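A structural walkthrough
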Amino acid sequence: MGFRVLHLVRPFMAILPEIATPDRKVPFNQKVMWTAVTLFIFLVMSQVPLYGIMSSDSSDPLFWMRVILASNRGTLMELGITPIVTSGMIMQLLSGANIIEVDYSLKEDRALFSGAQKLFAMIIAFGHATVSVLTGLYGSPREIGAGVCLLLIIQLVVASLITMLLDELLQKGYGLGSGINLFIATNICETIFWKALSPTTINTGRGDEFEGALIALVHLLMSRKDKTRALKEAFYRAPLPNVMNLLATAAIFAVVIYLQGFRVELPVKSNRVRGQRGTYPIKLFYTSNMPIMLQSTMTSNIFMISQMLYKRFEDNILVRLLGVWEPMEGSAQLFARGGLAYYLSAPRNVTDALLDPIHTVVYVSIMLAGCALLSKTWIEVSGSSPRDVARQLKEQQLVIAGYRDTSMYKELKRVIPVAASFGGACLGAVSVLADMVGAIGSGTGILLCVTIIFQYFEMFAKEQLESGAGLEGMMMAGQ
């Protein structure tokens, strides 16, 4: 065998930390325990502030990525899962495009590919941390000093390494699902919970108001004599979270759960066992939440680059074509007001959408077309294309009822690309709707949260079925 790109990783394999694969099947209650421990560590890291920060009041270049990348500004989880997700996506695309040759049937290739992802993630974490510190995200490097700058970079890189190991711990089978999905869903649920029940008071010019929408509703009803006006303010107040935002969030949750049930079930039969039949389900969300995650990551990176360039080269015509940024009233956070970035950003509410129909039409078109195209592309590089599915069914000696082995691929090709494209477009449409009606956590965040929770529900049901332990079995085990 000749030289391959993966062989470059071999010298680093000895120093890359790794979680050992369990030598026996991990019991369900232990999986739940390790998942809870992982979640606890993530929540602690999300609240522990970085040592050495002088200021974090400036505009946040990662503002649009925080929710979907489980990131919390100014804490150990500053980078969130960004290095892991970016590394994983790039390596998957390189492997799917055959730029990096990987034979997943070989144990060594699987180990080298996993090692390459880890190494790449650590390089990304170091690069991201260095840029963040040196561009003054935590205060001027001259004022902070070289020693504290180095300490900040070390904290961010070590936190990324811990996050990566927690993800690997769950993926190796010690816990449920993956750390990435767990962290994203937790971060979004935490945001929604905080916006609903936050006891923090904020002065909006009309006096102190509670940030949490439900607490504000109770407070306004109790403190105001005019109950009708109090209800109107609780339901429609701005810019703080209001009850309509919560209702919109609940409605989007219901829509996504409803759409999760749409599927085409292809009847399959076994060539090995006579009379054995089943179904092969092809869901509407065939590629799950991948299209919306890819779309959001790409647009968020454009926002970040455009914002950083605009700060330094405000008068450059090419920079202004990429994006013109202005702070929102009463906030240091910059928002796009022109250029490509403006048309890639969602209208903040229905009123904005109606006042600028060109922006709305362009944004909706980009979202729907982008999600559909990314979904169709992802099935080709992720091993879930019609040809891949046909090969998997053939290896299991299964055929679609009424079709021969040779014509099975044609039937899958008729169904799978349509499900992927239409499902991706539906995800884009729901995300657009959620952003326009003011759902908490952004349309992308809610979609990711619901699809991940749904995956966990299916995983939980599967684990219970395999262990043969229902609710009674769990209760007996706990006694």
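Structure: see above.
Residues numbered from 1 in each chain as written. Predicted model: local features only at pLDDT ≥ 70, side-chain atom pairs only at ≥ 80, totals over all residues. Heavy atoms only, no water.

Quick word on the overall build of the protein
Along the protein, the regular secondary structure elements total 18 helices and seven strands. On C-alpha atoms alone, the protein measures out to a radius of gyration of 25 Å, which is about the 23 Å that the 2.2 N^0.38 rule sets for 479 residues. Overall, the C-alpha framework of the protein stretches about 75 × 60 × 55 Å when taken along its three principal axes. Among the 479 residues that make up the protein, the fraction classed as buried is 45%. The long-range fraction of contacts in the protein, counting pairs at least 24 apart against all pairs at least 6 apart in sequence, stands at 64%. Roughly 25200 Å² of accessible area belongs to the protein as shown, and the carbon and sulfur atoms make up 65% of that amount. (Helix = DSSP H or I, 4+ residues; strand = E, 2+ residues; numbered from the N terminus. Rg over C-alpha atoms; globule rule 2.2 N^0.38 Å. Buried < 20%, exposed > 50% of the residue type's maximum accessible area, 1.4 Å probe, protein only. Contact = heavy atoms within 4.5 Å. Areas by Shrake-Rupley, 256 points an atom, 1.4 Å probe, with all protein chains shown as cover.)

Digging into the side chain of Thr287
As for its position among the elements, Thr287 is in the loop between strand 4 (277–283) and helix 10 (290–312). Non-local contacts of Thr287, meaning those with residues more than four positions away in its chain, are made with Ser375, Trp378 and Ile379.

Here we look at the state of the cysteines
Taken as a whole and judged by the stated rule, the model has zero disulfides. Between Cys371, a free cysteine, and Cys426, which holds the nearest cysteine sulfur, the sulfur-to-sulfur gap is 10 Å. In this structure Cys371 comes out as buried when scored by relative accessible area, which is 0%. Unpaired in terms of disulfides, Cys449 finds its nearest cysteine sulfur in Cys189, a separation of 3.5 Å. Classification of Cys449 by relative accessible area gives buried; the value is 0%. (Disulfide = S-S within 2.5 Å.)

Examining the packing of aromatic side chains
Across all of its chains, the model carries six aromatic pairs by this definition. Their ring planes at 65 degrees and their centres at 5.2 Å tell us that Phe28 and Phe460 sit as a pair that is edge-to-face. Residue Phe28 is located in helix 1 (residues 28–45), and its partner Phe460 is located in helix 17 (residues 443–467); the two are separated by 432 residues in the primary sequence. Judged by relative accessible area, which is 10%, Phe28 ranks as buried. (Phe/Tyr/Trp six-rings, centres within 6.5 Å; stacked < 30°, edge-to-face > 60°.)

With respect to the pattern of salt bridges
A full pass over the atoms with the stated rule returns 11 salt bridges. Residue Glu108 pairs with Arg10 through a salt bridge whose shortest N-O separation is 2.6 Å. Of this pair, Glu108 sits in helix 3 (residues 107–134) while Arg10 sits in the segment before helix 1; the two residues are 98 residues apart in sequence, bridging distant segments of the chain. Glu108 gets classed as partly exposed once you look at its relative accessible area, which sits at 44%. (Salt bridge = Lys/Arg side-chain N within 4 Å of Asp/Glu carboxyl O.)

Brief notes about the side chain of Gln260
Tracing the backbone through its elements, the reader meets Gln260 in helix 9 (residues 243–260). For Gln260, the contacting residues outside a window of four places in its chain are Phe285, Thr451 and Phe454.

Overview of the environment of Arg387
As for its placement among the helices and strands, Arg387 is situated in helix 15 (residues 386–395). The spatial distance from the C-alpha of Arg387 to the C-alpha of Leu6 is 26 Å, given a sequence separation of 381 residues.

With respect to the layout of surface pockets
Within this model, the second largest pocket holds a volume of roughly 1500 Å³. Together, 41 residues line the second largest pocket, and Gln92, Gln117, Asp167, Gln171 and Ile180 are the ones closest to its centre. Sorting the residues of the lining of the second largest pocket by element identifies helix 2 (82–96), helix 3, helix 5 (146–174), helix 6 (179–197) and helix 10 as the ones contributing at least two each. In terms of residue count, helix 3 provides more of the lining of the second largest pocket than any other element does, nine residues in total. Among the residues forming the lining of the second largest pocket, the class breakdown is 17 nonpolar, 17 polar and seven charged. (1 Å grid on protein atoms, 1.4 Å probe; cavity = no way out; pocket = protein on both sides within 12 Å on 5 of 7 lines; lining within 4 Å. Points joined across faces, edges and corners; volume = space filled by probe spheres on them. Nonpolar A, V, L, I, M, F, W, Y, C, P; charged D, E, K, R; others polar.)

Focus on the sheet that holds strand 4
On the basis of which strands lie adjacent, the open sheet formed by three strands has the order 4-3-7 and antiparallel pairing. Either end of the sheet is taken by a strand with one partner, and the two such strands are strand 4 and strand 7 (398–400). Averaged over all pairs of adjacent strands, the angle between their axes in this sheet comes to 40 degrees, without regard to strand direction. (Pairing = 2+ DSSP bridges. Axes fitted to C-alpha atoms, helices over the stretch in contact; angles between N-to-C directions.)

Quick look at the pairing of strand 6 (residues 334–338)
With respect to burial, strand 6 is a largely interior element, four of its five residues being buried. For strand 5 (residues 324–327) and strand 6, the ladder comprises four bridges, and the chain directions are antiparallel. Opposite Glu326, over in strand 6, you have Phe335 as the bridge partner.

Here's the deal with the packing of helix 8 (residues 227–236) against helix 9
Here helix 8 crosses helix 9 at 50 degrees, and the two axes come no closer than 4 Å. In this view, helix 8 runs oblique relative to helix 9, as classed from their interaxial angle. Seen from helix 8, the contacting residues are Ala234, Phe235 and Tyr236; seen from helix 9, they are Val243, Met244 and Leu247. (Parallel < 35°, antiparallel > 145°, perpendicular 65-115°, else oblique.)

Concerning the packing of helix 7 (residues 213–223) against helix 8
The description of two helices packed together rests on the angle between their axes and the distance between the axes. Taken N-terminus to C-terminus, the directions of helix 7 and helix 8 make an angle of 160 degrees; their axes are 9 Å apart at the nearest point. In terms of orientation, helix 7 and helix 8 fall into the roughly antiparallel class. Handedness of the helix 7/helix 8 crossing: right-handed. Seen from helix 7, the contacting residues are Leu217, Leu220, Leu221 and Met222; seen from helix 8, they are Lys227, Ala230, Leu231, Glu233, Ala234 and Phe235. Residue classes in the contact of helix 7 with helix 8 are distributed as eight nonpolar, no polar and two charged. (Left-handed = near helix turned anticlockwise from the far one by under 90°.)

Concerning helix 15
For helix 15, the full list of buried residues reads Pro386, Asp388, Val389, Ala390 and Leu393. Positive backbone phi, at 55 degrees, marks Gln397, one or two positions downstream of helix 15.

A short note on unusual backbone geometry
Positive phi is not limited to glycine here, since Ala70 has a value of about 50 degrees. Mapped onto the elements, Ala70 comes out in the loop between helix 1 and helix 2. Of note, Gln397 is a non-glycine position whose phi angle comes to about 55 degrees, a positive value. With respect to the element layout, Gln397 can be found in the loop between helix 15 and strand 7.

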